[in-house]
Amino acid sequence: MKAQLGATVLGMLMAIGMTTGAAAATAPDTAVARDATTPVLAVVHRYGFDLKLGQAVINVRWLASNILRVHFLPDVHSGPRTAVLQDDAPFGLYQPHARDDAGVLVQSSPAMRVIWRAGRLEIDSVSGRRLLTLDDLRALAAGEAQLAVGADDPLYGIGGYSAFDTSDAGLLRTGTWMAKAGEQGHAGAPWVWSTAGWGVLFDTLGARFRMQPGQVRVDGFSRQDIDAFIVVGRPDALFAGLRTLSGAAPMFPKWAMGFTNSQWGIDERQLLGIVATYRAKHIPIDNFTLDFDWKAWGEDDYGEFRWNTAKFPDGPSGKLKATLDREGLHLTGIMKPRIHVDTVEGRYASAHDFWFPGEKPAPDYFSHKPVEDLDFDQPAVRAWFFNPTLQHSFETGIRGWWNDEADTTPDDTQCMNMQRALYDGQRAHFPERVWSINRDFYLGAQRYAYGLWSGDISTGFASMAAQRERMLSAIDVGAMRWGMDGGGFRGHPTPENYARWIEFGAFTPIFRVHGDHDEHRQPWVYGPVAEAAATRAMRLRYALIPYIYSYEWGLHRTGVGLVRPLTFAFPDDPQVRNDISAWMFGDSLLVSPVVEPGQTVKRIYLPAGTWIDWFTGTAYAGGQTIELPVDAATWSDIPLFIRQGAIIPTQPAMDYVGQKPLTTVTVDVFPATARSTFDYYDDAGDSYAYEHGAYFLQSLAVQRRGDTVQFETGAARGSFKPDLKFYLLKIHAGAAAAVTSDGAPMAPFADLEALCGSRGEGWATGHDRYGAVTYVRVAAAKGRSIVLTLQQ
């Protein structure tokens, strides 16, 4: 009767928006209210509740069905957000179901339950499983957040590794870790999460995380008003929540899905010769990144921002850009956070107090003249940095930014804000999409078209192998766009090392190579065997561009990118908790590159399901470790597996992205008994018109039921009209006896050649490396239901 009365009172008070702690609490809570250092329930709102802790207040607010904000306000006033959070929009609010259960406040949604009792804030799954507890909220007043979690919960996030760190810990986080931007490829975020179904983000620039089984303690916050966000769900839901809080990644240009050759030590003549060789050999490339060579470094009158006419005489006029445009090649260039002091621009910076605080001028290692770092945390510096001189360089050919050495200060936002200056400036003046790579990452940077590369790594197999945990741990903190100096920056790789590095790089988010001064990373430099292996991997990457670009859209919309650790897809499998040897490339492909010299057999763990070798068609049952033969002579194989249920759109390999109109997209389909889906995406690839609906998006789905396969296409969404006319479905489920479209029979053809030679829709059967296959040619952009009745 007492519980019913309490619930009734709570319901009445919630209807008017608030209640008192005494009304909503049982006698024990009323008793502890006499202790000013013990949190008590003070106010219940429609979207959460408030706790009183002495003179401080703790706001508990539902932002979404799976996101809870816990905000400690020592003096009732909220401090400004840091760069971690979006600063241009208020958070949404979600109204949970609430009840008073025997004096215990319970608020729930379809995703989680929040329970306040006896001074503890408990977070449960909808099934009642305890996820985490804030069991001593008094610690917030002392600047510490204490989380009680499952003793066996695997922990991820917080930080990755610099180029020179020991990375033996892999992906799991235990002991003490610092959330920081770091340097030399480090990625950091004040974000800890678990495949047990929870994640916690703190809005702070820097923090210390101390972890032991069953407990996470966090301190060292940059804000006195500790602001925490609890997100629950599977990994994809956790990172969708992170996107909601920290902001979406704008889409990279479509050409950035291709290959980048970076080089230090080059001039215009050499560049044109290299590009001509790529094109003559039909080795695909879309971007060439220039080091110091492109700019008039060390010269007065904005030399840091303009062309070096001695090395690139046709740069300032735009003639070089026009030549490369005809070859389908983009140029991108290095940028530095420092400028020369004894120059027009340096004196302007001094007059406006633009320098990084505490630094003094020092000789630059390249020009040997005094330089000093700019302070990119200042809005005035950012506004000035994309100056008319740099705008002219962009107009005449430098179409993207390689931001180097902005990671040498202790400031977590220096590199982020350097790229923010370029992002904001380019978007203010030009319609083209922004592309960048940067040498550190702190959460929030993704909002500025931000890629991360792993720093000045060494060549060799050991260094290459160590890039795996660097990539995957960076992704675990939200740095979804990651790349490396393929081939290694320091040293010269062997032909085998180069070939295997290209094969690795083809299955990373940012596919690029780079080396030290006068090091060349073109495939033909390493001999015919390495060139053949590298070229094959590069062409495979380009064949997968429709698949890859669809995940670029997915990253923008969901916060989860192309590459993800196996834990994202298989969070309940203990075998993958710290597996860095393989990863998912989208939802449908698992890759495990060869990273040992002379390897002839590679052991690979395949999670639950059925997996099909991309190159041989051999099928393997999951949940086991297989031994895969490796070609140690030609280095031409990549351990790559297709997940049963896959839908994989591909295109003919091209010399560059968009070289030819794509009128037919081939879709390899591997039906499973469970329904699987894929959202095929396309747009113009070079502007932000997608933000206003100018895109093409069509859902594809498949399911096998006994001797039938149903393939569905949804109605197209968006205003963009691509060149695409047909999907050529390759349904790997056996030969069909009959095929219908929306219940009507489709026209049969004798074979694939006859089908492709027709002007319309139809089907045929055949055989490929995966076995018997049914080909279906179906018009794109329309919603249909295609049903295959398989031969007995």
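It should be emphasised that the depicted structure is a prediction, and the values quoted were computed from it without experimental measurement.

### A few points about the overall build of the protein
(1) Moving on: Secondary structure summary: the protein contains 16 helices and 48 strands in total.
(2) Moving on: Relative to a compact globule of 792 residues, whose C-alpha radius of gyration would be 28 Å, the protein shows 28 Å and is just as compact.
(3) Moving on: Taken along its principal axes, the extent of the C-alpha atoms in the protein is 85 × 80 × 50 Å.
(4) Moving on: The buried share of the protein, reckoned over its 792 residues, is 61%.
(5) Moving on: Taking all contacts inside the protein whose residues are at least 6 apart in sequence as the whole, residues at least 24 apart take part in 70%.
(6) Moving on: For the protein, the computed accessible surface area is about 28300 Å², with 53% contributed by carbon and sulfur atoms.
(7) Moving on: Treating the 73 positive side-chain charges of the protein as one cloud and the 88 negative ones as another, the clouds have centres 5 Å apart.

### Concerning the packing of helix α4 (residues 235–246) against helix α14 (residues 545–558)
(1) Moving on: Contact pair α4 / α14: the axes reach a minimum separation of 8 Å and the direction vectors enclose 65 degrees. Taken together, the axis directions place α4 and α14 in an arrangement best described as roughly perpendicular. Between α4, through Phe239, Ala240 and Arg243, and α14, the contact on the second element is made entirely by His556, Arg557 and Thr558.
(2) Moving on: Tallied by class, residues from the contact of α4 with α14 come to 2 nonpolar, 2 polar and 2 charged.

### Digging into the sheet that holds strand β41 (residues 696–705)
(1) Moving on: Taken in spatial order, the 6 strands of this open sheet run β40-β41-β42-β48-β44-β45, and their pairing is antiparallel. Edge strands, defined here as strands with exactly one partner in the open sheet, are β40 (676–682) and β45 (744–745).
(2) Moving on: For strand β44 (residues 736–741) and strand β48 (residues 784–790), the ladder comprises 5 bridges, and the chain directions are antiparallel. Within β48, the position partnered with Ala736 by the bridge is Leu790.
(3) Moving on: Seen against the sheet, α14 touches β40 and β41 and runs at an angle of roughly 90 degrees to β40.

### Observations concerning the side chain of Gln703
(1) Moving on: One can find Gln703 in strand β41.
(2) Moving on: Look at Gln703 and you get buried, because its relative accessible area is 16%.
(3) Moving on: A polar contact of 2.9 Å, which involves the side chain of Gln703, links it to the backbone oxygen of Thr673.
(4) Moving on: Separated by 2.9 Å, the side chains of Gln703 and Arg705 make a polar contact.
(5) Moving on: For Gln703, the contacting residues outside a window of four places in its chain are Ala672, Thr673, Ala674, Arg675, Thr708, Val709 and Gln710.

### As for the confidence of the model for the protein
(1) Moving on: When pLDDT is averaged across the protein, the result is 94; 95% of the residues are at 70 or more.
(2) Moving on: Low pLDDT, under 50, characterises residues 1–35; the stretch is placed with 47 contacts to residues that sit more than four places away or in other chains.

### Focus: the side chain of Asp485
(1) Moving on: Among the secondary structure elements, Asp485 is positioned in the loop between β28 (482–483) and α12 (495–505).
(2) Moving on: Classification of Asp485 as buried rests on a relative accessible area of 0%.
(3) Moving on: Among the polar contacts made by the side chain of Asp485, one reaches the side chain of Trp453 at a distance of 3.4 Å.

### Things to note about the sheet that holds strand β5 (residues 97–101)
(1) Moving on: Taking strand neighbours across the sheet as the criterion, the 9 strands line up as β5-β6-β7-β8-β9-β10-β16-β15-β12 in an open arrangement whose pairing is antiparallel. A strand with exactly one partner marks an edge of an open sheet, and here the two such strands are β5 and β12 (175–179). Strand-to-strand, the axes of this sheet are offset by a mean angle of 20 degrees, without reference to chain direction.

### Some words on helix α11 (residues 461–476)
(1) Moving on: For α11, built from 16 residues, the straight-helix expectation of 22 Å at 1.5 Å per residue is met to within 8% by its first-to-last C-alpha distance of 24 Å.
(2) Moving on: Counted residue by residue, α11 has 15 buried out of 16 residues, so it is predominantly covered.
(3) Moving on: Phi for Gly478, located one or two positions after α11, is positive at around 100 degrees.

### Side note on the pairing of β41
(1) Moving on: Here β41 lies mainly inside the structure; 7 of its 10 residues are buried.
(2) Moving on: Pairing between β40 and β41: 7 bridges, direction antiparallel. Paired with Phe678 across the two strands is Leu700, which belongs to β41.
(3) Moving on: Hairpin connection from β41 to strand β42 (residues 708–713): 2 residues lie between these consecutive antiparallel strands, with Gly706 at a positive phi of about 60 degrees.

What counts and what doesn't
- Residues numbered from 1 in each chain as written.
- Predicted model: local features only at pLDDT ≥ 70, side-chain atom pairs only at ≥ 80, totals over all residues.
- Heavy atoms only, no water.
- Helix = DSSP H or I, 4+ residues; strand = E, 2+ residues; numbered from the N terminus.
- Rg over C-alpha atoms; globule rule 2.2 N^0.38 Å.
- Buried < 20%, exposed > 50% of the residue type's maximum accessible area, 1.4 Å probe, protein only.
- Contact = heavy atoms within 4.5 Å.
- Areas by Shrake-Rupley, 256 points an atom, 1.4 Å probe, with all protein chains shown as cover.
- Lys, Arg positive; Asp, Glu negative; His and termini not counted.
- Charge placed at Lys NZ, Arg CZ, Asp CG, Glu CD.
- Axes fitted to C-alpha atoms, helices over the stretch in contact; angles between N-to-C directions.
- Parallel < 35°, antiparallel > 145°, perpendicular 65-115°, else oblique.
- Nonpolar A, V, L, I, M, F, W, Y, C, P; charged D, E, K, R; others polar.
- Pairing = 2+ DSSP bridges.
- Polar contact = N/O pair within 3.5 Å; in protein donor to acceptor, adjacent residues only side chain to side chain.
- pLDDT = per-residue confidence, 0-100.
- Expected span 1.5 Å × (residues − 1).

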